[in-house]
Amino acid sequence: MEDDEIIPSPTPSPPRKDEKKMRSIKSWKTVLVEGNIGCGKSTFLNYFKKYSNVTVLAEPVGKWTDVMGYNALELMYKDAPRWSCAFQFLVTLSMLEHHKLPEKPYSVKMMERSIYSARHCFIENLKQNSIMPDVDHSILTAWHNWVDVNEDVQVDLIVYLRATPEVCANRIKTRNRSEESGVPIEYLKALHVLHDDWLLHNKRGKLPAPVLVINADKGLEDLQQEIEGLSQDILLDLLPYRDNQEEECR
């Protein structure tokens, strides 16, 4: 499927009865905000911080940069074959802690990324590029499989901020964060494909929740306006269930 054939915000299919009934009795919901580096996740999350019933959980970078005084994120970037497995274990654990935080009645929990993107995008990228040894990948996969079976990780909506690698690269350059200074365009392209494979093309198995795709290539002001226009649907769960993402992206 070519990029220009993908409709950024396709109309979802009708909800399945059992899932619609389940959602109607819930007094809280969890929203995952997914996308490439520099796609606009901070812009999206910052908008919803003004709502008193919304808990925004940014990536716990502080935990990754101070593990008994060691910067695990820096270690991973410097020597990925040595440290990527340990780092991804840390990411999975910290994301799982976010997933399992108690829900407040009549509230929305918004998470920047999740255990799902850790597995299907970042760990998968390490595997595909032969950066992570097979034994490390096998151990991580077993850990994620255990979590899938034994932990109740409920998700109600995935918001995919879909931006092209070139746009992401320009934003990374503009915001000039020190930890992102060495991110190559090839890495952004690989993550772009992996996010599409996971969230659009159903190549990574059944999705844990409906997906709302937002065209994040537009300017940040226009992106903010679209987020504002969709905010009530996101908060009130008015978006119906999406069963087959790829069919609707023709």
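Located above this text is the structure these notes cover.
Let me begin by describing the structure that accompanies this report. This is a predicted model, so every value here is computed, not measured. (Residues numbered from 1 in each chain as written. Predicted model: local features only at pLDDT ≥ 70, side-chain atom pairs only at ≥ 80, totals over all residues. Heavy atoms only, no water.)

Here we take up the overall build of the chain. From N to C terminus, the chain includes 10 helices and five strands. In the chain, buried positions account for 46% of the 250 residues. Of the contacts formed within the chain by residues at least 6 apart in sequence, a portion of 80% connects residues at least 24 apart. Element-wise, carbon and sulfur atoms account for 53% of the exposed surface of the chain, whose accessible area totals about 13,000 Å². (Helix = DSSP H or I, 4+ residues; strand = E, 2+ residues; numbered from the N terminus. Buried < 20%, exposed > 50% of the residue type's maximum accessible area, 1.4 Å probe, protein only. Contact = heavy atoms within 4.5 Å. Areas by Shrake-Rupley, 256 points an atom, 1.4 Å probe, with all protein chains shown as cover.)

Taking strand neighbours across the sheet as the criterion, the five strands line up as β2-β3-β1-β4-β5 in an open arrangement whose pairing is parallel. Strand pairing shows two members of the sheet lacking a second neighbour, β2 (54–57) and β5 (211–215), which therefore form its edges. Neighbour-to-neighbour, the strand axes of the sheet open up by a mean angle of 20°, direction not taken into account. Across four bridges, the pairing between β2 and strand β3 (residues 107–112) is parallel. What sits directly across from Val54, in β3, is Val108. On the sheet, helix α5 (residues 80–99) packs against β1 (28–35), β2 and β3 and is oriented at approximately 170° with respect to β3. (Pairing = 2+ DSSP bridges. Axes fitted to C-alpha atoms, helices over the stretch in contact; angles between N-to-C directions.)

Looking now at the side chain of Ser94. Locating Ser94 in the fold gives a position in helix α5. Using a relative accessible area of 2% as the deciding quantity, one classes Ser94 as buried. Within the structure, the side chain of Ser94 is placed 3.0 Å from the backbone oxygen of Val91, a separation counted as a polar contact. With near-sequence residues (within four places) excluded, Ser94 lies in contact with Pro60, Lys63 and Trp64. (Polar contact = N/O pair within 3.5 Å; in protein donor to acceptor, adjacent residues only side chain to side chain.)

Within β3, six of the six residues are buried, which leaves the element mostly enclosed by the surrounding structure. Every second residue of β3 is oriented toward a common face, with Ser107, Lys109 and Met111 on one face and Val108, Met110 and Glu112 on the other, all of them buried. By the bridge criterion, six bridges tie β1 to β3 in an arrangement that is parallel. Along β3, the bridge assignment pairs Lys29 with Val108.

Our next topic: helix α6 (residues 115–128). Taking 1.5 Å per residue as the helical rise, α6 with its 14 residues ought to reach 20 Å, and the 18 Å between its terminal C-alpha atoms agrees with that figure. Across the 14 residues that make up α6, a large majority, 12, are buried. A side-chain oxygen of the first residue of α6 lies 3.2 Å from the backbone nitrogen of Tyr116; this N-cap is Ser114. Immediately beyond the C-terminal end of α6, within one or two residues, lies Ser130, with a positive phi of roughly 55°. (Expected span 1.5 Å × (residues − 1).)

On inspection of all chains with the given rule, the structure shows nine salt bridges. For the salt bridge of Glu74 with Lys78, the shortest nitrogen-to-oxygen distance reads 3.6 Å. Of the two residues, Glu74 and Lys78 are both situated in helix α4 (residues 72–78); the distance of four residues between them amounts to about one turn of the helix. Note that Asp197 and Lys203 form a salt bridge whose closest N and O atoms lie 3.7 Å from each other. (Salt bridge = Lys/Arg side-chain N within 4 Å of Asp/Glu carboxyl O.)

The next subject is the environment of Leu90. Structurally, Leu90 is set in helix α5. In this structure the C-alpha to C-alpha distance between Leu90 and Trp64, which are 26 residues apart in sequence, comes to 7.2 Å.

Among the nonpolar cores identified, the biggest contains 58 residues, and Phe44, Phe48, Met110, Val159, Leu161, Ile214 and Ile234 are the most heavily contacted of them. In contact with Leu161, other than residues within four places in its own chain, are Val33, Glu34, Gly35, Cys39, Gly40, Lys41, Phe44, Ile214 and Ala216. In terms of nonpolar packing, the next biggest core, distinct from the first, is built from five residues, Cys85, Ile123, Leu126 and Leu140 among them. (Core = buried A, V, L, I, M, F, W, Y, C linked by side-chain atoms within 4.5 Å.)

Attention now goes to the packing of aromatic side chains. Taken as a whole and assessed by the stated rule, the structure comprises seven aromatic pairs. When the centroid spacing of 6.0 Å and the interplanar angle of 15° are considered together, the rings of Trp143 and Trp146 count as stacked. Here the residue Trp143 and the residue Trp146 both occupy positions in helix α7 (residues 134–150), the gap between them amounting to three residues, near one helical turn. For Trp143, a relative accessible area of 24% corresponds to the partly exposed category. Grouped by ring-pair contacts, the aromatic residues Phe44, Tyr47, Phe48 and Tyr51 constitute a single cluster. Taking the ring centre of Trp83 as reference, the NZ or CZ of Arg82 above it sits at 3.9 Å. (Phe/Tyr/Trp six-rings, centres within 6.5 Å; stacked < 30°, edge-to-face > 60°. Lys NZ or Arg CZ within 6 Å of the ring centre and 35° of its normal.)

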